[in-house]
Each structure stands twice: as C-alpha cells, then as structure tokens.
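Listed here are the chains, written in short residue letters.
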Amino acid sequence: LPLEGLQSGGAGPLYLKLRQSLEEAILSGKLNHGDALPPERDLADYANISRVTVRKAVDDLVRDGLLVRRHGSGTFVVRPVSRVEQSLSRLTSFTEDMARRGLNTRAEWLERGLFHPSPDEMMTLGLPADALVTRLGRLRIADDMPLAIERASVSAEFLPDPLAVTSSLYAALDETRARPVRAVQRISACNIKDPDASMLGVAVGAAGLSIERVSYLASGRVVEFTRSLYRGDAYDFVAELTLSE
Ligand code: GLP
C-alpha cells in the first residue's frame with residue numbers, strides 16, 4: 001500500500017489523504033475484491049499516523065461501499081462492478097450475456113448432483129416423487145467478480161448427467177436438445193444475508209435481486225427452475241414497452 005509520505009505530501013487533512021490513497025488502490029485493482037485490509041493498528045504504525053485517523057478514513061470507505069467490515073474477521077475490499085445492462089425480454093444464458101460484454105465466466109460449485117425432487121421441484125417441474133432432478137448450485141463469477149448465486153433444477157430426463165455441465169447449463173441443454181425457448185421470470189428486491197453476502201463479497205444487508213426463472217421447451221414441458229440471487233449494484237434490467245391496443 002502506498003502509505004509512506006502521507007505526513008509530508010500536500011496540504012489537507014491526513015485522513016482524507018489516506019482515504020484517497022486507499023480508494024486509488026481499490027479502484028486501480030492494486031487491492032482486489034475480497035482482499036483483507038491490514039488491521040487498522042498495523043496501518044497506523046506503518047503510515048506513522050494515529051489510529052483515529054485510520055479509523056476515520058476506513059469509516060468513510062465503508063460508508064461509500066468500497067470496504068466492508070465483517071464481524072470477527074476484519075475489513076475487506078469491495079471493488080465496484082461496472083453495471084451490466086440486461087434485456088428483460090431475451091432468453092439468454094449468463095455465459096452468453098457475459099461473453100457479449102467481453103467477460104470470461106467461471107463458476108464455483110456449491111452443489112452438483114442427482115436428487116429426488118423436493119415438493120417445490122415436483123410442482124414446478126411437473127415430476128412424480130420417484131423422478132430424479134439434476135441440481136446445480138453455482139457462484140457465478142465474471143472476470144473474477146462474483147455477480148450471482150444460482151441454484152438450478154432440471155429434470156434428469158433432460159439432463160441425466162450433472163457433470164455434463166462444465167460451465168454453461170444452456171450449452172449442456174443444447175447438447176441434449178433441451179434448450180428452453182421460452183421462460184417466465186420473476187424479479188424481486190431483497191437484502192443479501194450471510195453466507196450469500198460473504199460469497200458475493202458484499203456487506204450483509206446489501207441490496208440484491210432475487211430472480212426466479214421457469215423455462216420451457218416448445219412442447220410446453222418445463223425444463224428449468226432456477227432461483228438466483230444477483231448483486232443489486234451490478235445489474236440494470238431494461239425492457240422495451242409498447243402501447244397495447
Ligand atoms: C441465467 C438465468 C438462469 C439460467 C442461466 C443459464 O443466469 N438466470 O436461469 O439457468 O442464465 O446460464 P449458463 O448457460 O451460463 O449456465
């Protein structure tokens with residue numbers, strides 16, 4: 001961290017100078033999303049300033065959402081994402097959406113396997129109790145920024161091998177000729193709680209969008225039931241509206 005010379009360089013309150021150099025380090029990527037900030041005591045010793053000054057600068061950055069304090073584990077860097085504009089009327093996959101913006105996606109798997117359906121899944125997917133569903137739980141990451149947590153359920157009839165999904169669910173459904181052609185999506189506001197907040201690297205209580213998608217084949221069969229949690233600071237949903245007759 002570029003903390004030397006804070007005392008000598010330029011006029012203005014020390015805490016503002018510290019704040020600015022931390023902010024620059026975060027925005028330039030010198031500090032990464034999720035990195036732990038050294039303890040305030042160490043920062044104070046290192047920059048040869050008082051702990052009160054460090055506390056004030058850190059408080060400012062917490063208020064502006066560039067740092068987040070986690071009880072018992074410290075203070076962590078939050079790199080703001082550039083917001084993603086997402087059409088509300090096109091049925092696309094996360095991987096495709098990100099690729100179109102030149103971003104690489106990867107997943108951290110939270111769950112991937114075959115299960116007996118829950119009552120919810122039986123209802124939504126239209127399955128009997130003795131059927132099997134492929135469940136895929138993923139933390140979805142674009143260019144190293146975690147953007148969403150998604151939990152998808154697909155009838156094993158359409159996706160018998162959970163391990164066939166290496167990165168994109170829709171690419172795997174292309175292979176089994178079960179890619180959906182229509183979907184109904186419900187978006188609601190929420191506050192992100194732990195453990196989701198720490199997986200997404202945002203403060204507990206940060207704004208989120210909870211999104212449910214049920215998608216269909218041309219035959220009318222349900223293919224996918226997905227519950228997602230998106231970072232509220234990362235998405236703008238856009239729809240074109242027309243006057244109905
Ligand atoms: C979006 C949707 C999900 C869908 C996913 C498929 O994220 N919210 O309902 O399952 O796209 O994306 P991919 O093919 O990259 O797994």
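Heads up: these notes are all about the structure in this document.

The rules behind these values
- In every chain, residue numbers begin from 1 and rise along the written sequence.
- Thresholds applied to this predicted model are a pLDDT of at least 70 for local features of residues and 80 or more for the giving and counting of side-chain atom pairs; totals over whole chains, interfaces and linings are not thresholded and use all residues.
- The basis for the side-chain values is all heavy atoms of the structure; hydrogens and waters are excluded.
- Pairing of aromatic side chains here covers Phe, Tyr and the six-membered ring of Trp, requires ring centres within 6.5 Å, and sorts the geometry by plane angle: under 30 degrees stacked, over 60 edge-to-face, intermediate tilted.
- Any residue under 20% of the maximum accessible area for its type is buried, any over 50% is exposed, and the rest in between are partly exposed; the area is computed with a 1.4 Å probe on protein chains only.
- Charge-over-ring placement is defined geometrically: NZ (Lys) or CZ (Arg) within 6 Å of the ring centre, and within 35 degrees of the ring normal.
- What counts as a helix is a DSSP run of H or I of at least four residues, what counts as a strand is a run of E of at least two, and both are numbered from the N terminus.
- It suffices for a single heavy atom of a residue to lie within 4 Å of a molecule or strand for the residue to be listed as near it.
- Polar contact is the term for a pair of N or O atoms within 3.5 Å; when the atoms are in protein, one must be able to donate a hydrogen and the other to accept it, and sequence-neighboring residues count only if both atoms are side-chain atoms.
- For accessible areas, the Shrake-Rupley method is used with a probe of radius 1.4 Å. Any residue's cover is judged against the shown protein chains and nothing else.
- Any residue that is not Ala, Val, Leu, Ile, Met, Phe, Trp, Tyr, Cys, Pro, Asp, Glu, Lys or Arg is counted as polar, Gly included; the first ten are nonpolar and the last four charged.

**Regarding the packing of aromatic side chains**
Summed over all chains, the structure comprises two aromatic pairs. The interplanar angle of 15° and the centroid separation of 5.7 Å between the aromatic rings of Y235 and F237 together place this pair among those described as stacked. Look at Y235 and you get buried, because its relative accessible area is 3%. A network of ring pairs unites the aromatic residues Y230, Y235 and F237 as a single cluster. It is K56 that lies over the ring of Y15; its NZ or CZ is 4.1 Å from the centre. R135 extends its terminal NZ or CZ atom over the ring of F115, reaching a point 4.5 Å from the ring centre.

**Points about the environment of S21**
Inspection of the secondary structure puts S21 in helix 1 (residues 14-27). Sequence separation between S21 and G126 is 105 residues; the distance between their C-alpha atoms is 56 Å.

**A word on the site of the ligand**
Taken together, 14 residues sit near the ligand, with T95, E150, S168, L169 and E224 positioned nearest. With respect to the ligand, the backbone of F94 contributes an N or O atom lying 3.1 Å from an oxygen atom. Residue L169 places a main-chain N or O atom 2.7 Å away from an oxygen atom belonging to the ligand. For the ligand, the accessible surface in isolation is 400 Å², of which the surrounding protein chains cover 98%. Counting only elements with at least two residues in the shell around the ligand, the list comes to helix 4 (94-100), strand 5 (133-142), helix 6 (169-175) and strand 9 (222-231). Counting residues per element, the shell around the ligand draws most heavily on strand 9, at four residues. Its residues assigned to classes, the shell around the ligand shows four nonpolar, five polar and five charged.

Everything listed is a geometric property; what it means functionally is a separate question.
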